[in-house]
Amino acid sequence: MASFAGDSISLPIELQYTIIDYLHSDFRSLAKCSAVCISWRLHSYKYKFARITLAWGSVLFFLELLKNGFSASAVIPSVRSVHIRGPPNALPTWDVQKMAAIQEILWALTASRNIRGFSLQNLAWILPALAVPSLNFSGLSTVSTLELLQISFYTRAELVAFLNNFHRLDHLVLEDVDCALQSRPPTISETLPPGSYGLALRCPQDFSLKKRLRWDSMTNHSGVSAEDLADLTMFMSERHHEIAAILPYFGPSLHRLQLSTQTIHTYPDAAINELDLSSSTSLKQLSLGSSKRVLALLPWVPLILRRLPKSDPPTLMHLEFGFASSRQFHLDRPILLIISDILMSPQFQKLQIIHFVVFDATGDRELLKLVKHTICETFASWRDKGAVSFTFTRQ
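Calculation rules
- In every chain, residue numbers begin from 1 and rise along the written sequence.
- Two thresholds apply to this predicted model, a pLDDT of at least 70 for residue-level local features and 80 or more for giving and counting side-chain atom pairs, whereas whole-chain, interface and lining totals are computed over all residues.
- Just so you know, side-chain values use all the structure's heavy atoms and leave hydrogens and water out.
- What is meant by a nonpolar core is a set of buried Ala, Val, Leu, Ile, Met, Phe, Trp, Tyr and Cys residues, joined one to another through side-chain atoms within 4.5 Å.
- Summary of the burial criterion: residues with accessible area below 20% of their type's maximum are buried, those above 50% are exposed, and those between are partly exposed, where the area comes from a 1.4 Å probe applied to protein chains only.
- Any two residues whose heavy atoms approach within 4.5 Å are treated as being in contact.
- Helical segments are the DSSP runs of H or I of at least four residues, strand segments are the runs of E of at least two, and each set is numbered from the N terminus.
- Definition used for salt bridges: Asp or Glu carboxyl oxygen within 4 Å of a side-chain nitrogen of Lys or Arg.
- Each C-beta atom gives one direction from the helix axis, and the arc is the one those directions make.

Grouped together as the largest cluster of nonpolar side chains are 102 residues, with contacts concentrated most on V82, I84, F118, F250, L305, F356 and I375. Setting aside residues no more than four positions away along its own chain, V82 makes contact with I52, L54, L106, L109, I115, G117, F118 and S119.

With respect to the element layout, V75 can be found in helix α5 (residues 69–75). Sequence spacing of V75 and K48 is 27 residues, and the spatial spacing of their C-alpha atoms is 8.9 Å. When near neighbours in sequence (up to four residues on either side) are disregarded, V75 contacts Y45, F49, F62, L65 and L66.

Let us look at helix α3 (residues 38–48). For α3, the complete set of buried residues consists of W40, H43, S44 and Y45. Packed against the buried residues of α3 are α1 (13–22), α2 (27–33) and α5.

As enumerated under the stated definition, the model contains 12 salt bridges in all. Where R202 meets E175, a salt bridge forms, and the shortest distance between an N and an O atom there is 3.6 Å. Linking R202 in strand β8 (residues 196–203) with E175 in strand β7 (residues 171–179), this pair joins segments that are 27 residues apart in sequence. Each member of the pair, R202 together with E175, is buried. Note that R327 and D364 form a salt bridge whose closest N and O atoms lie 3.6 Å from each other. Pair noted here: R327 is in the loop between β12 (318–324) and α12 (333–342) and D364 is in the loop between β13 (353–360) and α13 (365–378), with a separation of 37 residues, a long-range link. In this structure R327 comes out as exposed when scored by relative accessible area, which is 55%. In this structure, a network of salt bridges that share partners links the residues R156, E227 and D231.

So, on to helix α4 (residues 59–66). The complete set of buried residues in α4 reads V59, F62, L63 and L66. Relative to the axis of α4, the buried residues are bounded by an arc of 100° and lie together on one face. Away from its buried face by more than 90 degrees, α4 exposes F61 and E64. Next to the buried residues of α4 lie β3 (51–55), α5 and α6 (96–110).

Put into structure tokens, the structure is as follows:
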């Protein structure tokens with residue numbers, strides 16, 4: 001029950017915490033809440049420091065925070081995920097002081113045995129100034145989700161040694177991981193680590209191919225070996241650019257697929273057109289499109305839909321299309337009609353969501369209304385089922 005003192009009202013602590021819980025993703029408000037009193041600070045820190053990023057410019061400041069006894073007692077139990085991020089071009093370098101600070105922070109955080117997520121980004125084992133191998137990751141045995149993003153190992157042996165620190169992995173995310181001494185991708189092994197896979201193939205404006213893979217174990221702490229995960233990592237190495245060979249490797253284990261281009265050029269279309277989807281018989285989520293091109297300039301989208309293998313029973317439940325808006329949106333209507341006709345096929349009868357992501361470069365609200373009206377009219381039967389949804393986002 002709320003208590004009254006003069007003109008002020010004191011809410012029960014449970015309701016006070018409910019207010020902070022509601023603000024869990026509003027870090028600016030959480031910062032203000034943490035300054036109210038000790039109990040609010042402790043509860044706010046549960047969200048504010050649930051995921052921390054140790055970057056080149058922030059690692060020393062975070063270490064100073066932990067040297068304060070009260071802050072350390074509030075922050076350390078709150079941390080559930082650690083993200084260590086280097087600069088994109090490996091400059092400025094990580095000096096000995098900063099590397100020692102990262103190690104001290106890791107020791108402090110892992111002692112609580114609360115860390116469930118760990119991420120490394122823009123780091124290289126091959127740069128002496130970075131000295132990443134000097135870090136001790138052995139305290140991260142509680143981690144269940146590991147992300148390796150834009151990482152360069154020196155040898156496969158170092159990759160295996162690193163993965164051996166994680167004994168309870170249920171989720172692994174890989175993006176542009178490379179081994180300097182690996183001249184070519186390893187031979188595809190006969191056994192794929194069991195689990196569910198999600199693959200994103202993106203062609204950005206720099207004419208490269210970006211591959212992001214997520215592996216999810218089907219059972220808790222599946223016990224997949226570091227050797228098997230290293231094989232998987234090496235197969236997805238950035239040196240492996242034969243995208244046509246990627247999809248057959250995962251076969252029915254591939255449950256989520258994203259194909260997208262972030263360039264106005266059509267050069268990626270040839271590679272996408274050659275993709276072999278015949279083994280992808282268990283897709284549940286499929287995302288197709290481009291943030292830079294209108295639908296009329298994405299002829300490969302209906303082609304991919306037609307190539308989807310027939311599954312019995314059908315498995316696809318979530319379909320997403322992304323495209324750039326244009327004041328000549330009427331030119332996109334023919335391809336919308338083609339897509340609508342394709343979706344009448346039996347392999348799409350289990351669809352629950354058809355989501356359209358519209359990248360807006362104009363800010364024209366009337367145009368966006370026209371886009372929504374045209375799509376709802378074209379996909380009227382799906383709209384009536386409540387399956388059609390939209391996201392309008394600025395580029």
